[in-house]
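Structure assessment
Residues per chain are reported as follows:
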Amino acid sequence: MQTRKKYIFLTFLASWLLLFFFGGDQLRRLSFFSGRKAEARRNWPRWTDRSLLKNFADPEELQRDGDPSLLSPRERRAAWLSVYKSSRCRMETCFDFSRCERNGFKVFTYPRERDQPTSESYGKILASIERSRYYTPKPEEACLFILGIDTLDRDHLSAQYVRDVDEKIRGFPLWNGGRNHLIFNLYSGTWPNYTGDLGFDIGQAILAKASFDTENFRPGFDVSIPLFSKDHPQRGGERGWLYQDSVPPKKKYLLVFKGKRYLTGIGSGTRNALHHIHNGKDIISLTTCKHGKDWEKHKDTRCDKDNVDYEKFDYQELLHNSTFCIVPRGRRLGSFRFLEALQAACIPVLLSDGWELPFAEAIDWGKAAVVGSERLLLQIPSAIRCIHPERVLAFQQQTQFLWDAYFSSVDKIVHTTLEIIKDRLSPHRSRSRFLWNTLPGGLLVLPDFSTHPGDFPFYYLQHGSSPSEKFTAFIRVISQGGPLSQPILRLIQAVSGSQYCAQILVLWSCEKPPPPSGKWPQTTVPLTIIQGRRKPSDRFFPYTAIQTDAVLSLDEHTSLSTSEVDFAFAVWRSFPERIVGFPALSHFWDPEQGRWGYTSKWTNELSIVLTAAAFYHRYYHSLFTEYLPAGLRELVDGLAACEDILMNALVAAVTKLPPVKVAQRKQHKDTVPQQVKGTAGAVGSRRFSQRQDCLNQLVDWFGYMPLVSSQLRLDPVLFKDQVSVLRKKYPRLEKP
């Protein structure tokens, strides 16, 4: 009996021990979590065994990182909520979608106050909007509103700080608590804490902010933008530094940093530790204390040596010759160094915990940057050494794409911000992350045209597909006064004879009405007449009648044979993203005139293929009409033969590629005006001058010369070879 009692007692004791170690821990966890306060710290690591380890330091103390002047997370959150009272805003709760339904996505900018100066950067932002296709001067048509008050610099110690913003915006009739407003900001807070305080209540406005903290960022509502300098170009912008003849991914230095070192205050911890990874060989980490007014009062024992080493290296040279660039936080989370590294194809290594990366809603930064942790700085060198060279090259190429697509100018930064907001209005018609992160980028892929990659001319190779095997002939008629002329009749017969022609559309832009259907030639394919508005830009309107991928653009006086059409179409199917055609021009820089010029003389280069006889993808009709601002189309309508140049400039700007010229039976006539006499000479001279003006005005709008030159012409195999005609696929191309 005693033995039995002993076994029962031991079993009971073992059960309690098991319950204590396995179940008791869970019970304690439940009671711990239920009793947690709302001010739990997100940034401090949540150790799984924290309930078993005794804390010897107060969490508030840990978050201050040794500097009693810094705010704790609770204090920072309280400061944020005191300004951003609508912290739970979402598009569904704080945005009036009905304002965008009638007139589409239109943006109105408030008039600028005469007595209030505007910074250069904010002036560029407003100019980007006002010269864009989004802009409307009528507030009743607007979907989104932009303040005329400069809100970029909200550091109250700054000379550009605008006071009494709260009082001013409350007096605006359109403010409506900030609803449907977008506020741009680059700098917030001030020494020593640099919180997100803007100094006024933004209400229900969307905030497009640099150095955005993930804790305060409102996903799906706010937009994180990059920090850019006042010298950042308005439009165009410099190209990236990675050229086709300089692609080796391994450079002289593996990892570099050269910048300020903060001795005290926020941001000092990370930069003070950077010297630990410097080896003087392939890792260069240089800092200087020599900045600010009182740097000598706070300098430590390392400052003098650091300042000497700092002067030994040139910053631009380090950028050019390094594979990776450290981008640590400064006083704020973002820095100019981020965009500088992107442009230099120096892969950014980000050390800025809690930074909501620019446009992260659309951009996949995992393909272009290494996101590190400030607490794991010493592991960075070994981590990046493990990245395979092929992966390094892919990172570098992606930095160049992102720089050129979204960051190289203020225009692109502002337009990317607006397009992200626009996508939120119609999620079913928004761009996928694939479209945002693949050439040519989200700004040049219009979701109103399609959201399927296979409908665009850029992605056929990536998806293993091909464009449709038929084309639409699009003939523009502007000078028919009576019966149809012989040239247009011959052109219709030649085009309709192609086995690849699906339909013929005639854009009738004459004063007199078109002839009745019985007067048009009989064809084997449908022939449709479209009444135009007698404007040159009409030829690139996205007509719903165009159902094929390929469009053959023709003028009424163009002379082509069926063989020429067939061969050009076969070439276009191999280059569906380009313009493929016959008559060509080339551009050049005239140093004497200090402007761009063009010539139709026979040269060894070409950069323009006239759309009087050319194939291109129908998507470019939508891009021409919907992407370009109305002012640019009005320019085309006011200058003779300018639409050719604009379409070529647009396609070159999108693809970064030249057009393709194909073999032609009859050479295009040289129309240099000096060789023409009489009245025709005067008309030709005026036309030539207008084309010159058009070219230079387009360069001014793009911010650079988008046209790309080529020395390539494609001919059929066996073209003019001394072999039997029976062996040639396009023998009629050789006939005069």
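Predicted model only: the values in this text are computed from it and were never measured.

Once that is clear, we can look at the overall build of the protein chain. The helix and strand tally for the protein chain stands at 22 helices and 23 strands. Taken over 736 residues, the protein chain has a buried fraction of 51%. Sequence-distant contacts, at least 24 apart, represent 75% of the contacts inside the protein chain between residues at least 6 apart. Surface exposure of the protein chain reaches about 36,300 Å², of which carbon and sulfur atoms provide 53%.

Here strand β16 (residues 550-555) lies mainly inside the structure; five of its six residues are buried. Across six bridges, the pairing between strand β13 (residues 471-477) and β16 is parallel. Considered in β16, the bridge of Phe471 is made with Ala550.

This next bit is on the environment of Lys601. Tracing the chain through its elements places Lys601 in the loop between β19 (595-599) and β20 (608-609). The spacing of Lys601 and Ala584 is 17 residues in sequence and 9.1 Å in space, taken between C-alpha atoms.

It is worth spelling out the sheet that holds β13 at this point. Strand order in the open sheet formed by eight strands is β15-β14-β13-β16-β21-β17-β22-β23, with mixed pairing between adjacent strands. This sheet does not close on itself; its edge strands, each paired only once, are β15 (527-531) and β23 (713-714). Packed on one face of the sheet, helix α17 (residues 486-496) meets β13, β14 (501-508), β15 and β16 and runs near 175° to β13.

For the rest of this paragraph, the subject is the state of the cysteines. What the rule picks out here adds up to five disulfides. In this model, Cys100 is linked to Cys143 through a disulfide, with the two sulfur atoms separated by 1.8 Å. With the S-S dihedral at roughly 60°, the linkage between Cys100 and Cys143 falls on the right-handed side. Of this pair, Cys100 sits in the loop between α4 (91-94) and β1 (107-109) while Cys143 is found in the loop between α5 (120-130) and β2 (144-146), placing the two residues 43 residues apart along the sequence. Here Cys100 falls in the buried class, since its relative accessible area comes to 12%. One disulfide bridge connects Cys642 with Cys694, the sulfur atoms lying 1.8 Å from each other. Handedness of the Cys642-Cys694 disulfide follows from its S-S torsion of about 70°: it is right-handed. Of the two residues, Cys642 sits in helix α21 (residues 642-655) while Cys694 sits in helix α22 (residues 678-702), which places them 52 residues apart along the sequence. For the pair shown, Cys642 and Cys694 are each scored as buried.

Take the nonpolar core next. In summary, soluble globular proteins display a tendency toward joint burial of nonpolar side chains. Ranked by internal contacts, the top residues of the largest apolar core, which has 88 residues, are Phe184, Trp365 and Phe407. Counting residues per element, this core draws most heavily on helix α14 (residues 410-425), which supplies seven residues. Composition of this core by domain shows at least three residues from each of domain 1 (87-224) and domain 2 (253-408). Ignoring any residue separated from it by four or fewer positions in sequence, one finds Trp365 in contact with Phe338, Leu342, Leu357, Pro358, Ala360, Leu402 and Phe407.

Let's shift gears to the packing of α5 against α14. At a minimum axis distance of 9 Å, the contact between α5 and α14 shows a crossing angle of 65°. For the element pair α5 and α14, the recorded crossing hand is right-handed. The residues of α14 that touch α5, namely those facing Lys124, Ile125, Ser128 and Ile129, are Val410, Asp411, Val414, His415 and Leu418. Here the residues of the contact of α5 with α14 are counted per class, giving five nonpolar, two polar and two charged.

Turning our attention to helix α18 (residues 562-574). Taking 1.5 Å per residue as the helical rise, α18 with its 13 residues ought to reach 18 Å, and the 19 Å between its terminal C-alpha atoms agrees with that figure. Among the residues making up α18, those that are buried are Ser563, Glu564, Val565, Asp566, Phe567, Ala568, Phe569, Val571 and Trp572.

Turning our attention to the side chain of Thr109. With respect to the helices and strands, the residue Thr109 is situated in strand β1. Residue Thr109 is classed as buried on the basis of its relative accessible area of 4%. Separated by 2.9 Å, the side chains of Thr109 and Glu130 make a polar contact. When near neighbours in sequence (up to four residues on either side) are disregarded, Thr109 contacts Leu126, Ile129, Glu130, Tyr135 and Ile146.

On to the packing of helix α19 (residues 619-627) against α21. Packing of α19 against α21 brings their axes to within 11 Å, and their N-to-C directions diverge by 100°. If you check the angle between α19 and α21, you find them roughly perpendicular. Along the contact surface, α19 presents Tyr620, Leu623, Phe624 and Tyr627, while α21 presents Leu646, Met647, Leu650, Val651, Val654 and Thr655. Classifying every residue of the contact of α19 with α21 gives nine nonpolar, one polar and no charged.

In this section: unusual backbone geometry. In the segment running from Leu439 into Pro440, the intervening peptide bond is cis, with an omega of 0°. In this structure, Pro440 sits in the loop between α15 (433-436) and α16 (460-463). Positive phi, normally seen in glycine, also occurs at Ala345, with a value near 60°. The residue Ala345 is located in the loop between α11 (337-343) and β11 (347-351) in this model. Backbone geometry at Phe359 places phi at a positive 55°, although glycine is not the residue there. The class of Phe359 is buried, set by a relative accessible area of 1%.

All right, on to the side chain of Asp423 then. Tracing the sequence through the fold places Asp423 in helix α14. A relative accessible area of 9% places Asp423 in the buried class. Polar side-chain contacts of Asp423 include one of 2.7 Å to the side chain of Arg431. Residues within four places of Asp423 in sequence aside, it is in contact with Ser430, Arg431, Trp436 and Pro447.

Attention shifts here to the pattern of salt bridges. The tally for this structure, following the rule as stated, stands at 29 salt bridges. The shortest N-O distance in the salt bridge between Asp715 and Arg713 comes to 2.9 Å. A single salt-bridge network, built from bridges that share partners, covers Arg133, Glu419, Asp423 and Arg431.

Rules and cut-offs
Residues numbered from 1 in each chain as written. Predicted model: local features only at pLDDT ≥ 70, side-chain atom pairs only at ≥ 80, totals over all residues. Heavy atoms only, no water. Helix = DSSP H or I, 4+ residues; strand = E, 2+ residues; numbered from the N terminus. Buried < 20%, exposed > 50% of the residue type's maximum accessible area, 1.4 Å probe, protein only. Contact = heavy atoms within 4.5 Å. Areas by Shrake-Rupley, 256 points an atom, 1.4 Å probe, with all protein chains shown as cover. Pairing = 2+ DSSP bridges. Axes fitted to C-alpha atoms, helices over the stretch in contact; angles between N-to-C directions. Disulfide = S-S within 2.5 Å. Core = buried A, V, L, I, M, F, W, Y, C linked by side-chain atoms within 4.5 Å. Domains from an automatic or database assignment. Left-handed = near helix turned anticlockwise from the far one by under 90°. Nonpolar A, V, L, I, M, F, W, Y, C, P; charged D, E, K, R; others polar. Expected span 1.5 Å × (residues − 1). Polar contact = N/O pair within 3.5 Å; in protein donor to acceptor, adjacent residues only side chain to side chain. Parallel < 35°, antiparallel > 145°, perpendicular 65-115°, else oblique. Salt bridge = Lys/Arg side-chain N within 4 Å of Asp/Glu carboxyl O.

Take it as geometry only, folks, not as evidence of what the structure does.
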